[in-house]
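Here is how the chains run, residue by residue.
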Amino acid sequence: MFSLSEGGASIPVVDPVGADGVFSLLWLVIALPLAGAAILLLGGRRTDAWGHWLGTLTAVGSFVLSLVLFVSLTGREEGERQVVQHLYDWMRVGDLTVSIDLLLDPLSVLFLLLITGVGSLIHVYSIGYMEHDPRRRRFFAYLNLFVAAMLMLVLSENYLGLFLGWEGVGLASYLLIGFWQHKPSAAAAAKKAFVVNRVGDIGLSLGIALFFVTFGSTSFTVISANASGASDGVLTALGLLLLLAACGKSAQVPLQSWLLDAMEGPTPVSALIHAATMVTAGVYLVVRSNFVFELAPHAQTAVIVVATVTLLWGAVIGCAKDDIKKALAGSTMSQIGYMMLAAGLGVYGYAFAIFHLITHGFFKANMFLGAGSVMHGMDDDVDMRRYGALRSAMPVTFLTFAMGYLAIIGFPGFSGFWSKDKIIETALIESPVAGVGALIGAGVTGFYMTRLMLMTFFGEKRWKDGVHPHESPSVMTGPLVVLAALSVLGGLLYLGHWIVDWLSPVVGTAPEHEPPVPAIVITLLVLSVVAVGVATAWLLVGKRPVPTTAPQDVSFATRAARADLYGDAINETLVVNPGRHATAGLTRGDRTLVDGLFTGSAGVTAALGGQLRKLQNGFVRSYALSVVGGVVLVVGALLVVNL
Amino acid sequence: MSDVPWLSLLVLLPLVGAVAVPFLRGSAALTKQVGLGVSLATLALAVAVALQYDVDGGMQLTETHDWISAFGVHYALGVDGLGLLLVLLTAVLVPVVLLASWRDDEGYLDGRAQGSAAAFVAWTLALEALSLAVFLATDVFLFYVVFEATLVPAYFLVGGFGRAGRSAAAVKFLMFQLAGGLVLLGGVIGLYVVSAQQGTPSYLLSDLAALDIDTAAGRWLFAAFFIAFAIKAPLFPVHTWLADTTERATPGTAVLLVCVLDKIGTFGMLRFCLGLFPEASQWATPLVVVLALVSIVYGALVAIGQDDLMRLIGLTSLSHFGFITLGIFALSSQGGTGAILYMVNHGLGTAALFLVAGYVVHRRGTASIREMGGVEKVTPVLAGLFLVAGLAALGLPGLSTFVSEMLVIIAAFQYAWYVGAVAVTGIVLAAIYALWMYQRTMTGPTLEPVPGTVRRERDLSTRELVAVAPLFVGLVLFGFYPMPLMEAADPYVGDLLSQVGVTDDPPEVSAPAGAEAHSDTAEEGEN
Amino acid sequence: MDDVTPYIVLSTILFTIGSVGVLTRRNAIVVFMCVELMLNACNLALVAFAKQHGNLDGQVAAFFVMVVAAAEVVVGLAIIMTIFRTRRSASVDDASLLKY
């Protein structure tokens, strides 16, 4: 199961056994939502009436199956917990063989539960949320497509199959961000998300090519078994390419700019795709590729740097946004930064990355759906400056949102407390600079989440005239309650180090490190920093009236944060504008210069002919003379040659 | 071997149809029905040929007859993996085009009178017959003759049907192709000279491949063949006819030109450049790779900047042909098979894009992207198909174009990592042109169609849907299960590479570390 | 071998007269007759060479020339007649419409 790297740390090898018994149903987990999507898309208007029920049913069916698989997996010996199901050969070209193989192991089964579980809840929620949308059936088709693709992503046993899911979720994300495509901003945001992700895909494409060139395969099994044989340069390159891919999908700096725009999509989409599941695919990729990263310390350092920058970047943006969804999106970016940081810490952090990923999936989905519920009651207004005092109007939404809030700031006992605290603790020990960044991030998180909470649910009514906030129907609040419960109880995964032990066959076991200070000290430190953040928010927002329009005379820092720290401006200046000029120039040049080369030569020929035709003067005798002249010339030439 | 001359029948059937259709004294509808019937029968024949094909590779179902024995010219046909795929592609695309263009004779865009339906059907069938002959010819001289003969129907299709300015586009097209053909003629004559010097002259591929061509002559001949095929394919900088032609012609003609006729260019590179002049091919590879890379990036960038929908799609093909050429000259199994699959998939994907864009143009009364917008709202099915076709152009995994693009990128990376890195930027640029095109035409507020447009506001008719359905089925099917294509292409590429004399690089870390892994497990156990 | 030089010289002289005539005369009929003169000069040369080589190839060629010349006379005279009828002139310089 394990091979030894030079450092002596053990790197797990993917060494699965064949699927039998209940595991031979593994393909059905993907096939169910895929069939749902196909039926709803191809069936057209005929399926309008019951489409949302079918969509929900397939997701729930997938969840039940995942649960069965999970239970069966726990019943197995630790060494037998990697199961592979071979479906068929996808490509066979020369030495390259790529199969559609599904790998169920402790890592992917957790994702299975998260995706189908949270996915099912969001399907249910959407039945209510999208009730009045004439294209609700299509919405469910896209959601099903997303679930299927995401499951493919986490279940594939090789990088090419992973890429299939990777782009599938990208497509679903594109379709769902631009779901209301009559809005130009939504269509533009959808395209932006896809194109920025494609930049990340450069990394994955080249990474796959390099995997093949180096190992002759893209399968996890083969690569993990042979990784230690590759040179350091190759491994570092692989790590960096995978990081580039992860940056695109997980909205990490410098490819972060699309996530805030992605909030143009319907709120359930933001909850499922742009908070709980898809954006965490980058973290999955890094954790799954642990056999590469463990051998490429430079790449790991790069992951840590990117993660630390992003977690602060996102947190700062979250502080200044008045749009409730964008504030949450900044927070998502920041939280994924935490997961990335943990993943970058290597074997010490992989398990915590996944742990935080799961708890974040619970509480962020909870809060996004809560935000959706608020918008539902506020006539789709997203500006928190026009909220206020909603806790009495929407008690269920408020209470569930509060659970999410307490979880994300890391209130003791709530799920986020366990997962984030472990990341900060590990970071402080393994990489103190990043650890301090993570610590500051925790304080900022406390600030912006408290600000959001206060602006939305507390203070005075700042509603526009004619808005009558009301609680959402139970089909929407039901999922909220479940997710709130999970936000509270998610920490149970860490009970008795369960998740760390569970994942150790995949990500390895960390050697014991004696922390320089007792863990309780670090925990108290984190809590006090968070308390400072919360208190600051209370002083700045809670105690003062909130103006209904954003004040303009603000500090540079606030302006920068409102402008997403100039992420778009930087892209515009460095990439988009030069690209636009290049395109315009080339388009003109193609017509004038390149085409001119050929039409020009045609013109020259025509002009030459225009001159030469003057010789045809119509006088027969001058033609005769030229014939005679020609004959004389030829004969003369022949004579000269022969003499 | 059966006695039935399957391949001759395959070529003859559409040819007879082409000759017969103008003599039908029936209505336009009748000629169209007969044309469609003939093309479907041709498809059935092509399938029959495919069923008899043995996947182990090699030239099969061969027919050889002397034609001009003084020059060693034969009427010789045969089918191998490469030829089979392209024959099938052609046979599928022609009925699709005929069905999709069913009502184009009632006016396209400016609504002015077009050539008659009978002429369109006849020229299309003639083009099919000659293209099939090109893909089946195993005699270089025969190939040359039919290669040039395809220009006749193509010229009349471009010049006779389409938008204003089509005559000029047709002349431009013809001039470029004739220039290429002239260079090719030089090469063909040169081959005769070389062949005659070494005994009895013969134009048969099998005889020519056995020739011992000296280095200098081989390089000159390679250059002659390559230039002709580069114009045909096309590659940068001889691509400018492509944009004009696709802009002016009807969508159906554009499909026939770009998806069938242009394939002859890349087909020729494989069969003649690599097959006959292996040494020269390896010598020229660096230059060709650079040309291919320039085509990929340049084509995509220029496509982004276009306002005319059809011209945009035409230019995306420049980028795609860059990929195909890159795959061919990467000289590896992945590259070769990837390139062949790319030809087929590009045929399906770009045909879908052209035809669906044609539907859009019909409904909006303009091909200018600036004058469209919000089409999705009035015709959702049309918009959905347009999106899928666009996604095929950008190589989305799950659609067949991805498989071939990925194989080519892998091969390019194998050739040199920086070549792979440049090629891969093509996928980002493709995303920009495909999705921006979709965004500008289909989303946002709905703009009014140009006044006087006949077929406004209606979603796809059954006829339109049925016409393009095979393309989309193929795109999805071969996206998830490309093995049938690979099984046909892979043996051919294997033979070709051994003829060229290159072998695939083994992986750097090759040890299938079964033993190693086990010993490690043991160690772990001891720990 | 007989000496055929005198015949060749005569042929050359006839040919020169013919070509000078074609180049200098304006009347189409005269030009036409000069062309005939050139053809006959060629015939003479052909027959002379046939005699020199002792085979019949040249004589056969001469017959061909005669046949072609006869055909040409028919067509040529017809054209000249038509031109004369429509334009009331047989001058070749007047018939210069076929120019650029």
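(A) Inspection of the overall build of chain A at higher detail. Within chain A one finds 24 helices and 5 strands. Considering only C-alpha atoms, chain A reaches an extent of 115 × 65 × 55 Å along its principal axes. Relative to its 643 residues, chain A shows a buried fraction of 58%. Put simply, 81% of the contacts in chain A that link residues at least 6 apart link residues at least 24 apart.

(B) Summary view of the overall build of chain B. Helix and strand counts for chain B come out as 22 helices and 2 strands. Since a compact globule built from 527 residues should have a radius of gyration of about 24 Å, the 23 Å found for chain B is in line with a globular shape. The long-range share in chain B, meaning contacts at least 24 apart out of those at least 6 apart in sequence, stands at 82%.

(C) Examining the arrangement of the chains more closely. Counting contacts across all 2 pairs of chains that touch, the top-ranked interface belongs to chains A and B. Between chain B and chain C there is no contact, and the shortest C-alpha to C-alpha distance separating them is 23 Å.

(D) Representation of the nonpolar core. Among the nonpolar cores identified, the biggest contains 435 residues, and Leu341(A), Ile354(A) and Val356(B) are the most heavily contacted of them. Of the residues forming this core, the biggest block, 18 residues, is contributed by helix 6 (residues 184–215) of chain A. If we skip the residues at most four places from it in the chain, Ile354(A) touches Leu107(A), Leu110(A), Val287(A), Ile499(A) and Leu503(A).

(E) Representation of the interface of chain A and chain B in the model. The partner chain B presents 54 residues to the 54 residues of chain A that form the contact. Of all elements in the fold, only strand 1 (2–4), strand 4 (83–93), helix 5 (159–177), helix 6, helix 7 (220–226) and helix 23 (567–612) of chain A reach the threshold of two or more residues within the side of chain A that touches chain B. Tallied by class, the residues present in the side of chain A that touches chain B amount to 30 nonpolar, 14 polar and 10 charged.

(F) Quick look at the confidence of the model for chain B. In the predicted model, chain B carries a mean pLDDT of 88, and the fraction of residues at 70 or more is 93%. Taken over the whole predicted complex, pTM reads 0.89, whereas the ipTM for its chain interfaces reads 0.91.

(G) A look at the packing of helix 14 (residues 309–329) of chain B against helix 19 (residues 417–442) of chain B. Residue and element names in this part refer to chain B. Where helix 14 contacts helix 19, the two axes come as close as 12 Å, and the packing angle between them is 160 degrees. Classified by the angle between their axes, helix 14 and helix 19 sit roughly antiparallel to one another. With respect to the hand of their crossing, helix 14 and helix 19 are arranged in left-handed fashion. Contact residues: helix 14 offers Leu312, Thr316, Ser319, Phe323 and Leu326, while helix 19 offers Ala423, Gly426, Ala430, Tyr433 and Met437. A class-by-class count of the residues in the contact of helix 14 with helix 19 yields 7 nonpolar, 3 polar and no charged.

(H) View of the environment of Ala560(A). All names here are of chain A. Looking at where alanine 560 falls in the secondary structure, it is placed in helix 22 (residues 556–562). Take alanine 560: there are 15 C-beta atoms within 10 Å of it, and that puts it in the partly exposed class. Setting aside chain neighbours within four positions, we find alanine 560 in contact with Leu565 and Tyr566.

(I) Broad picture of helix 10 (residues 240–248) of chain B. In terms of burial, helix 10 of chain B is largely enclosed, as 9 of its 9 residues are buried. The complete set of buried residues in helix 10 of chain B reads Thr240(B), Trp241(B), Leu242(B), Ala243(B), Asp244(B), Thr245(B), Thr246(B), Glu247(B) and Arg248(B). Taken together, the buried residues of helix 10 of chain B touch helix 23 of chain A together with helix 6 (151–160), helix 7 (166–197), helix 11 (251–261) and helix 14 of chain B.

(J) How the structure looks around unusual backbone geometry. With an omega of 10 degrees, the peptide bond running from Val253(A) to Pro254(A) counts as cis. Relative to the helices and strands, Pro254(A) is located in the loop between helix 8 (232–249) and helix 9 (258–261). With an omega of -10 degrees, the peptide bond running from Ala233(B) to Pro234(B) counts as cis. Examined against the element boundaries, Pro234(B) turns out to sit in the loop between helix 9 (215–232) and helix 10. Phi at Ala251(A) is positive, roughly 55 degrees, even though this residue is not glycine. Turning to its location among the elements, Ala251(A) is positioned in the loop between helix 8 and helix 9. Take Ala251(A): there are 30 C-beta atoms within 10 Å of it, and that puts it in the buried class.

(K) Here's a closer look at the environment of Trp418(A). Residues and elements named next belong to chain A. On the secondary structure map, tryptophan 418 appears in helix 17 (residues 415–430). A residue is classified by how many C-beta atoms lie within 10 Å of it, and tryptophan 418, with 23 of them, is buried. Taking the C-alpha atoms as reference points, tryptophan 418 and alanine 407, 11 residues apart in sequence, are found 9.2 Å from one another.

About the cut-offs
- Counting of residues starts from 1 at the beginning of each chain's written sequence and follows it residue by residue.
- As a convention, the first chain written is A and the first ligand written is 1, with the rest following in written order.
- pLDDT decides what is reported in this predicted model: residues at 70 or higher carry local features, side-chain atom pairs at 80 or more are listed and counted, and totals for whole chains, interfaces and linings draw on all residues regardless.
- Helix numbering and strand numbering both begin at the N terminus, where a helix is a DSSP run of H or I of at least 4 residues and a strand a DSSP run of E of at least 2.
- Three exposure classes are used, all based on how many other C-beta atoms lie within 10 Å of a residue's own C-beta (placed from the backbone): buried at 20 or more, exposed at 12 or fewer, and partly exposed between those limits.
- Two residues qualify as a contact pair if the distance between their C-beta atoms, derived from the backbone, is within 7 Å.
- For the radius of gyration, the atom set is restricted to C-alpha positions; the globular benchmark scales as 2.2 Å times the number of residues to the power 0.38.
- Joined through C-beta atoms within 7 Å, a set of buried Ala, Val, Leu, Ile, Met, Phe, Trp, Tyr and Cys residues constitutes a nonpolar core.
- Here the nonpolar group is Ala, Val, Leu, Ile, Met, Phe, Trp, Tyr, Cys and Pro; Asp, Glu, Lys and Arg are the charged ones; every other residue, Gly included, is treated as polar.
- Residue-level confidence of the predictor is what pLDDT reports, using numbers from 0 through 100.
- Every axis in this analysis is a line fitted to C-alpha atoms, fitted for helices over the stretch in contact. Angles between the N-to-C directions lie between 0 and 180 degrees.
- An angle below 35 degrees is read as roughly parallel, one above 145 as roughly antiparallel, one from 65 to 115 as roughly perpendicular, and any other as oblique.
- Each crossing gets its handedness from the near helix: less than a right angle anticlockwise from the far helix is left-handed, clockwise is right-handed.

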